[in-house]
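Observations on the three-dimensional arrangement
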Amino acid sequence: MSSQDSPGPATSNISVRRGDPLVVVERVQKHYGDFHALKDIDLTVNRGEVVVVIGPSGSGKSTLCRTINRLETITSGTIAIDGVALPSEGRALAALRADVGMVFQSFNLFSHLTILENVTLGPIKVKKQKKAEAEASARRLLDRVGVGAQADKLPAQLSGGQQQRVAIARALAMTPKVMLFDEPTSALDPEMITEVLDVMTSLAHEGMTMIVVTHEMGFARKAADRVVFMADGQIVEQATPDAFFTNPASDRAKDFLSKLITH
């Protein structure tokens with residue numbers, strides 16, 4: 001990673017009112033046929049809070065993340081963003097989704113568009129920004145995540161770590177109220193993981209509300225305000241990183257952590 005591509009210091013002026021509830025999940029159930037994927041989930045994420053969701057594979061972490069912008073529908077319960085219940089479909093859902101940025105395991109960039117075009121597409125099409133305004137904002141965001149020099153290239157010309165940082169910039173271009181990250185580093189080579197986590201850590205320090213599903217325990221320790229541990233479709237426990245990693249309350253969490261340490 002060249003010096004011009006390295007994530008720079010945080011320069012954002014994200015304005016937050018820390019503390020009031022922003023994402024409220026209540027009594028959420030999710031079934032896939034006979035499989036009960038989410039079981040009576042209650043979770044409140046406050047404005048400016050970074051919540052890291054961890055747990056064994058198949059515990060429901062990604063399903064929970066994807067229900068928060070209704071990429072997955074729920075069987076019952078309610079999810080609200082900034083006091084507004086998630087609509088089931090239509091323009092109201094599209095408008096609310098614009099408030100919820102999402103970064104996936106795969107980068108999902110449009111291969112035929114340049115990096116700059118990928119980042120400006122949403123603001124121009126959805127937010128009706130003028131092209132010049134959208135491009136100026138996009139270039140600032142690309143600089144912010146350390147890939148400003150790549151703006152005129154196609155995604156295939158970038159490394160995986162660079163593409164994922166573009167995906168973060170693309171989500172930020174919509175000025176979301178909350179950012180969802182679903183295993184954002186699991187498709188990356190080890191040397192690329194740090195550059196993406198550095199960008200995420202800077203966002204956390206700037207006060208962006210974030211819900212992060214990840215296996216990166218170092219990130220959870222460093223950047224999270226709260227760790228939520230899931231198993232078998234349920235939230236088993238939640239605590240500060242220090243409390244969770246030094247003294248987990250449940251046997252499931254103790255077993256999970258012991259396997260991380262010994263393998």
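- If you look the protein up in an unreviewed UniProt entry, it shows as ABC-type polar-amino-acid transporter from Microbacterium ginsengisoli.
- Turning to the protein, the UniProt record has this under Subcellular location (unreviewed entry): "Cell membrane".
- You can read under Sequence similarities (unreviewed entry) in the UniProt record for the protein the words "Belongs to the ABC transporter superfamily."

Description of the nonpolar core
- Membership of the largest hydrophobic core comes to 51 residues, with the highest contact counts inside it found for Ile168 and Met210.
- Counting residues per element, this core draws most heavily on helix 6 (residues 190-206), which supplies eight residues.
- Sequence-distant contacts of isoleucine 168, that is, excluding residues within four places in its chain, are made with Val103, Val145, Met179, Phe181, Val196, Val199, Met200 and Leu203.
- Counting residues in hydrophobic clusters, the runner-up holds 28 residues, among them Val45, Val51, Val53 and Ile81.

Considering helix 5 (residues 160-172)
- Across its 13 residues, helix 5 extends 19 Å between first and last C-alpha, which sits within 8% of the 18 Å expected from 1.5 Å per residue.
- With 13 of 13 residues buried, helix 5 lies mostly within the body of the structure.

Quick word on the packing of aromatic side chains
- Going through the model one piece at a time under the given rule, you end up with three aromatic pairs.
- Relative to phenylalanine 244, the ring of phenylalanine 229 lies with its centre 5.9 Å away and its plane at 35°, an arrangement referred to as tilted. Note that phenylalanine 229 is positioned in strand 9 (residues 226-231) and phenylalanine 244 in helix 8 (residues 241-246), a separation of 15 residues in sequence. A single burial state applies to phenylalanine 229 and to phenylalanine 244, both of which are buried.
- Plain terms: the ring middles of phenylalanine 244 and phenylalanine 245 are 5.2 Å apart, the flat faces sit at 85° to each other, and that makes the pair edge-to-face.
- Judged by relative accessible area, which is 0%, phenylalanine 244 ranks as buried.

Reading the values: rules and limits
- Residues numbered from 1 in each chain as written.
- Predicted model: local features only at pLDDT ≥ 70, side-chain atom pairs only at ≥ 80, totals over all residues.
- Heavy atoms only, no water.
- UniProt positions renumbered as here; feature names shortened; annotations may be inferred.
- Core = buried A, V, L, I, M, F, W, Y, C linked by side-chain atoms within 4.5 Å.
- Buried < 20%, exposed > 50% of the residue type's maximum accessible area, 1.4 Å probe, protein only.
- Helix = DSSP H or I, 4+ residues; strand = E, 2+ residues; numbered from the N terminus.
- Contact = heavy atoms within 4.5 Å.
- Expected span 1.5 Å × (residues − 1).
- Phe/Tyr/Trp six-rings, centres within 6.5 Å; stacked < 30°, edge-to-face > 60°.

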